[in-house]
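Structure assessment
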Amino acid sequence: MSENFVEQLAGKFLVFDGPDGSGKTTQFNRLVTLAKAHDLCVCEVREPGGTAISEKIRDLLLDPDNQEMTVNCEMLLYMASRAQMMEEKVIPLLNQGHLVIADRFISSTLAYQGHAGGMSEQAIRNVGQIAIGAHWPDLVIIFDVDDKTAATRLNPLLDRMEQKGAAYHKLVREGYLKQATEDPEHYRVIDARPDERTVFNQLCHTLNNWLEGSD
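Residues numbered from 1 in each chain as written. Predicted model: local features only at pLDDT ≥ 70, side-chain atom pairs only at ≥ 80, totals over all residues. Heavy atoms only, no water.

**Overview of the overall build of the protein chain**
Scanning the protein chain from N- to C-terminus turns up 8 helices and 5 strands. Secondary structure elements of the protein chain, listed N to C terminal, follow the sequence β-α-β-α-α-β-α-α-β-α-α-β-α. For 215 residues, the compact-globule estimate of 2.2 N^0.38 gives 17 Å, and the C-alpha radius of gyration of the protein chain, at 16 Å, lies within 12% of that figure. Taking as baseline every contact in the protein chain between residues at least 6 positions apart, the subset at least 24 positions apart corresponds to 80%. Surface summary for the protein chain: the accessible area is close to 10200 Å², and the carbon and sulfur share equals 51%. (Helix = DSSP H or I, 4+ residues; strand = E, 2+ residues; numbered from the N terminus. Rg over C-alpha atoms; globule rule 2.2 N^0.38 Å. Contact = heavy atoms within 4.5 Å. Areas by Shrake-Rupley, 256 points an atom, 1.4 Å probe, with all protein chains shown as cover.)

**Some thoughts on unusual backbone geometry**
Between Glu47 and the following residue, Pro48, the backbone shows a cis peptide bond with an omega angle of -15 degrees. Relative to the helices and strands, Pro48 resides in the loop between strand 2 (42-46) and helix 2 (52-62). Even without being glycine, Arg104 reaches a positive phi, approximately 85 degrees. Its location among the elements puts Arg104 in the loop between strand 3 (99-103) and helix 4 (106-116). You can call Arg104 buried: its relative accessible area is 12%. (Buried < 20%, exposed > 50% of the residue type's maximum accessible area, 1.4 Å probe, protein only.)

**A short note on the packing of helix 3 (residues 71-95) against helix 5 (residues 121-132)**
Any two packed helices are characterised by the angle at which their axes cross and by the distance between the axes. Across the interface, helix 3 lies against helix 5 with an axial gap of 8 Å and an inter-helix angle of 25 degrees. One way to sum up the angle between helix 3 and helix 5 is to call them roughly parallel. Seen from above, helix 3 lies across helix 5 with right-handed handedness. Contacts between helix 3 and helix 5 pair Met75, Leu76, Met79, Arg82, Ala83 and Met86 from the former with Ile124, Val127, Gly128, Ala131 and Ile132 from the latter. Of the residues assigned to the contact of helix 3 with helix 5, the class counts are 9 nonpolar, 1 polar and 1 charged. (Axes fitted to C-alpha atoms, helices over the stretch in contact; angles between N-to-C directions. Parallel < 35°, antiparallel > 145°, perpendicular 65-115°, else oblique. Left-handed = near helix turned anticlockwise from the far one by under 90°. Nonpolar A, V, L, I, M, F, W, Y, C, P; charged D, E, K, R; others polar.)

**Section: the environment of Pro92**
Relative to the helices and strands, Pro92 is located in helix 3. The exposure class of Pro92 is partly exposed, given its relative accessible area of 28%. Along the backbone, Pro92 and Cys41 are 51 residues apart, and their C-alpha atoms lie at a distance of 13 Å.

**Quick word on the pattern of salt bridges**
Overall, the coordinates contain 12 salt bridges when judged by the stated rule. Of the charged contacts in the structure, one is a salt bridge between Asp144 and Arg173, with a shortest N-O distance of 2.7 Å. Of this pair, Asp144 sits in strand 4 (residues 139-144) while Arg173 is found in helix 7 (residues 166-182), placing the two residues 29 residues apart along the sequence. Note on Asp144: relative accessible area 13%, which makes it buried. In this structure Arg173 comes out as partly exposed when scored by relative accessible area, which is 25%. (Salt bridge = Lys/Arg side-chain N within 4 Å of Asp/Glu carboxyl O.)

In structure tokens form, the structure reads like this:
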């Protein structure tokens, strides 16, 4: 397939998301490399993180010692990290026509703290509106993977969120798929079980079709 679609990504805001172990970060890195090879200006951010302040919040959120952290606290910390990243980094670069690719975003909060954690989806969206204003992603790509496959890809030194157990992560996956079903205009789901080259080919086809409006 032609790579001409890549140049049309300038000025777009893409989110790569999915359950832990889905391989989304590998695909994130591959697309960034491809975009830069086409001389696109690319802003790549991870969540939580992306700025000096946001990275400090990340350390709090993922530290396995912080087991007493409540779901409400989790959600607000994720949103605080996101608000800083958006204002300091993402919005200025979108305004300059950069391609912005985020490794996780509000879709993660809806899946983890919302569907799996029991928080109101509307409450999360309300706080999200404060954190990001009008700058919602153009497209969220969900890399979907079953529990067994995901488990083979996880670092044995699990962070606090990864340690939450199989039942919790099953709900997380359900939460992602629910979002995609409810908002097909802004979401696409990719089967992330095959090898990384096959998944990347799926990703390129998905982006090409989305840009052409043919899916």
